[in-house]
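# Reading the structure
So you can see what is in the structure, the chains are spelled out below.
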Amino acid sequence: MDWMITNISLEIFSIAILLILITCQLVGKEYRGRQDKIFLLALCLHTVLLVLDIATWIIDGKSGLFFYYLNWITNLLVYSFSFIVINVFMLYIWEGIPLSQLTRHIVVGIPVLVTAIFIILLLISLFNGSIFYIDQDNWYHLGPMYKAGTISDIFYMEIIFVVLLYRKKISRRNTVIFLLYAVSLMIVTTLNIIGMEHLNIVLMYSFMTLALLTVFVNIHVQWEKLIKEQELKLRDHQIAIMLSQIQPHFLNNALTSIGKMCELDAGKARVAIVTFAKYLRSNMKSLTLNMIDFSEELKHVKHYLWLEEMRFGDRVKVEWDVNAVGFMIPTLTLQPIVENAVRHGITLKSGGGTILISVVEADDAYVIVISDDGVGFEVENRADDGSAHIGISNVRDRLSILCGGHLVIKSIPGEGTTAVIEIPKGDR
């Protein structure tokens, strides 16, 4: 009776911890990758395992045919789930280690094979009671082969071997966590061999819960580190993209054009100065804002294009087909793409060309298309020249980090270039 109360109390406490961890994992879904999804699965399966184990303690000794069969079923599931949970947790570990394809098949295949063998032994135990059996009074008993459960030590030895082998390719924190998990559970299962099976039952699932809790804390430490790295990366991108847009040659050409216009048309020169000031203000704003309303971004692009039209006259033509606004976009997303269309597209073409900017709202995203009929280029062979094209690289990074968007550029030499930006809908 004391064992039952102790075990149920520990497992209820463990379930409460696991439910908190599951909730936190679900709330933090925007950072969740494949490895974190596997960990979430391990949390859920371990919670089910603990519920089933509590049920076996409560059902044990209850009279009636229903409880008799239920006792068999729940104990069978507890044994099976204990191996399955370990398999999933090992899959989580292997996901974070750069294993070759062959090695991955081996380290995943061995635990699956051992689990399959143990489940077969469990099914045989239903008929001969070799691992466990339920007596006529519905009491659970260990069978003569109950120590077969210690074959799970193969799993822990595999974890220790692979982690030590690849320790230079994984973080020190992960190495310590995985080794502690394997060694502690090896000790617990070894208690079976020396006849302390009741202590094994109490400690096994508690140790597994503690291991999952430790991994959860580690995941969130890594998330926080990733967020800080992304913030620093965004700040570097913001500075770089602002500097890439305010090029000395552009400032010189724009001011030279405005100076000439002052002699020819003072009224238009005044408008040019105001437009140029708004253009500079928008660039400076990129240092303080990550996201901006698309209508504001559109105004900035129009200021830039107005200045270029002032310089090049009829050689720069712009067409608009904007059918959607009212969504957020990373600052200075359109500017680098439109500037490339002007500088490396239509102005290099004899007689100039036309830039078409269209915006549509799809079912799950806002789609922005910037196309030109300029000289085009070979996409595969185009190298980043460290100035204008740095903006394109930064646009891709900021789209991905800030809103999950992406940029695709297609170009045909002699025909022109098309850039497509997709901004997913949602609350990111």
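Residues numbered from 1 in each chain as written. Predicted model: local features only at pLDDT ≥ 70, side-chain atom pairs only at ≥ 80, totals over all residues. Heavy atoms only, no water.

## Some thoughts on the overall build of the protein
Applicable threshold: Only DSSP runs of H or I covering at least 4 residues are called helices, and only runs of E covering at least 2 are called strands; the numbering of each starts at the N terminus. In this analysis, two residues are considered to be in contact whenever any of their non-hydrogen atoms come within 4.5 Å of each other. Using the Shrake-Rupley algorithm and a 1.4 Å probe, accessible areas are obtained, with residue cover drawn only from the displayed protein chains.
Scanning the protein from terminus to terminus reveals 12 helices and 9 strands. Sequence-distant contacts, at least 24 apart, represent 74% of the contacts inside the protein between residues at least 6 apart. Of the roughly 21500 Å² that the protein leaves accessible, carbon and sulfur atoms contribute 64%.

## Side note on the nonpolar core
Across soluble globular proteins, you tend to see nonpolar side chains buried next to one another. Put simply, the test is: We call a set of buried Ala, Val, Leu, Ile, Met, Phe, Trp, Tyr and Cys residues a nonpolar core when their side-chain atoms join them within 4.5 Å. Think of it in three bands: with a 1.4 Å probe and only protein chains considered, a residue is buried below 20% of the maximum accessible area for its type, exposed above 50%, and partly exposed in between.
Core analysis: the biggest nonpolar cluster contains 61 residues, and Tyr92, Ile93, Trp94, Ile97, Ile159 and Val163 have the highest contact counts within it. Elements supplying a minimum of two residues to this core: helix H1 (2-27), helix H2 (34-59), helix H3 (65-95), helix H4 (101-128), strand E1 (132-134), helix H5 (153-165), helix H6 (172-193) and helix H7 (197-245). Once residues lying within four places of it in the same chain are set aside, the contact partners of Ile97 are Arg104, Val162, Val163, Tyr166 and Ile170. If you look at the next biggest cluster of nonpolar residues, it comprises 42 residues, including Phe294, Tyr304, Phe327 and Tyr366.

## Considering the pattern of salt bridges
Stated formally: Whenever Lys or Arg places a side-chain nitrogen within 4 Å of a carboxyl oxygen from Asp or Glu, that contact is recorded as a salt bridge.
For the structure on display, the rule yields 5 salt bridges. Ionic pairing is found between Arg34 and Glu95, a salt bridge with its closest N-O pair at 3.1 Å. Here Arg34, found in helix H2, pairs with Glu95, found in helix H3; they are 61 residues apart in sequence, far enough to count as distant.

## A look at H5
What counts here: An expected span of 1.5 Å times one less than the residue number is assigned to each helix.
When the terminal C-alpha atoms of H5 are compared, their 18 Å separation across 13 residues agrees well with the 18 Å that a helix rising 1.5 Å per residue should span. When we look at burial in H5, the residues that qualify are Asp153, Phe155, Tyr156, Glu158, Ile159, Ile160, Val162 and Val163.

## Points about helix H10 (residues 294-312)
With 19 residues, H10 should reach 27 Å at 1.5 Å per residue; the first-to-last C-alpha distance of 26 Å fits that figure. Of the positions making up H10, those classed as buried are Phe294, Glu297, Leu298, His300, Val301, His303, Tyr304, Leu305, Leu307, Glu308 and Met310. Taken from the residues just after H10, Gly313 is the one with a positive phi, measuring 65 degrees.

## Focus: the packing of H3 against H5
The criterion, for reference: Whenever a helix is involved, its axis is fitted only over the stretch in contact; in every case the axis is a line through C-alpha atoms, and angles between N-to-C directions fall within 0 to 180 degrees. Just so you know how the angles are binned, under 35 degrees is roughly parallel, over 145 roughly antiparallel, 65 to 115 roughly perpendicular, and the rest oblique. Residue type decides the class: Asp, Glu, Lys and Arg count as charged, Ala, Val, Leu, Ile, Met, Phe, Trp, Tyr, Cys and Pro as nonpolar, and the leftover types, Gly among them, as polar.
Their axes nearest at 11 Å, the elements H3 and H5 cross at an angle of 5 degrees. Relative to H5, H3 is oriented roughly parallel. Within the contact between the two elements, H3 uses Phe83, Ile86, Asn87, Met90, Ile93 and Trp94 and H5 uses Phe155, Tyr156, Glu158, Ile159, Val162 and Val163. The residue inventory of the contact of H3 with H5, partitioned by class, reads 10 nonpolar, 1 polar and 1 charged.

## Things to note about the sheet that holds strand E7 (residues 365-372)
Threshold: In this scheme, strands are said to pair when DSSP sees at least two bridges between them.
Sheet architecture is open: 5 strands sit in the order E4-E6-E7-E9-E8, paired in mixed fashion. Each end of this open sheet is capped by a strand with a single partner; those strands are strand E4 (316-322) and strand E8 (406-412). Going from strand to strand, the sheet's axes swing by 10 degrees on average, the running direction of each strand aside. Summarising the sheet, E4 and strand E6 (residues 353-361) pair through 7 bridges and their orientation is parallel. Looking at the pairing, Val318 lines up with Ile355 of E6. The strands touched by H10 are E4, E6 and E7; relative to E4, the strand with the most contacts, the crossing angle is about 160 degrees. Set on the sheet, helix H11 (residues 334-343) makes contact with E4, E6, E7, E8 and strand E9 (416-424); between it and E7 the angle comes to about 20 degrees.

## Side note on a nonpolar patch on the surface
This is how the line gets drawn: Residues enter patches when they are more than 30% accessible in relative terms and free of salt bridges; like-charged ones are connected within 9 Å and nonpolar ones (Val, Leu, Ile, Met, Phe, Trp, Tyr) within 5 Å.
On the surface, a cluster of nonpolar side chains totalling about 450 Å² of accessible area is made up of Leu102, Ile106, Ile110, Ile154 and Met157. Ranked by residues supplied to the nonpolar patch, first place goes to H4 with 3 residues. Its place among the elements puts Ile106 in helix H4. On the basis of relative accessible area, Ile106 is assigned to the partly exposed category, the value being 44%.

## Quick word on the packing of aromatic side chains
Our working rule: Aromatic rings from Phe, Tyr and Trp, taking only the six-membered ring of Trp, are treated as a pair when their centres fall within 6.5 Å; an angle between ring planes under 30 degrees marks them as stacked, one over 60 as edge-to-face, and anything in between as tilted. Whether a charge lies above a ring is judged from NZ of Lys or CZ of Arg, which has to be within 6 Å of the ring centre and within 35 degrees of the ring normal.
In this structure the tally under the stated criterion is 13 aromatic pairs. Counting every residue linked through ring pairs, the aromatic cluster contains Trp72, Tyr79, Phe83, Phe118, Phe132, Tyr140 and Phe155. One Lys or Arg, Lys425, reaches over the ring of Tyr366 and ends 5.4 Å from the middle of that ring.

## Things to note about empty space enclosed by the protein
Where we set the bar: Points on a 1 Å grid, built from protein atoms alone, make a cavity when a 1.4 Å probe fits but cannot get out and make a pocket when they are open with protein on both sides within 12 Å along at least 5 of 7 lines; residues with an atom within 4 Å of a point are the lining residues. Grid points are joined across faces, edges and corners, and a volume is the space filled by probe spheres set on the points.
Evaluated as defined, the whole model comprises 1 cavity of 30 Å³ or more. His46, Val85, Phe89, Tyr181, Met208, Ala211 and Leu212 together form the lining of the largest cavity. Ranked by residues supplied to the lining of the largest cavity, first place goes to H7 with 3 residues. A breakdown of the residues in the lining of the largest cavity according to their chemical character gives 6 nonpolar, 1 polar and no charged.

## Digging into the confidence of the model for the protein
Note the cut-off: Along the chain, pLDDT gives the predictor's confidence residue by residue, from 0 to 100.
For the protein, mean pLDDT is 80; residues scoring 70 or higher make up 80% of the total. The least confident element of the protein is H7, whose mean pLDDT is 64; the most confident is E7, at 94.

## Focus on the packing of H4 against H5
The N-to-C vectors of H4 and H5 enclose an angle of 170 degrees; their axes lie 10 Å apart at closest approach. Taken as axis vectors, H4 and H5 run roughly antiparallel relative to one another. Seen from H4, the contacting residues are Val107, Ile110, Pro111, Val114 and Thr115; seen from H5, they are Ile154, Phe155, Glu158 and Val162. A per-class count over the contact of H4 with H5 returns 7 nonpolar, 1 polar and 1 charged.

## A short note on the pairing of E6
Here E6 runs beside E7; their pairing, made up of 7 bridges, is antiparallel. Paired with Ile357 across the two strands is Ile370, which belongs to E7.

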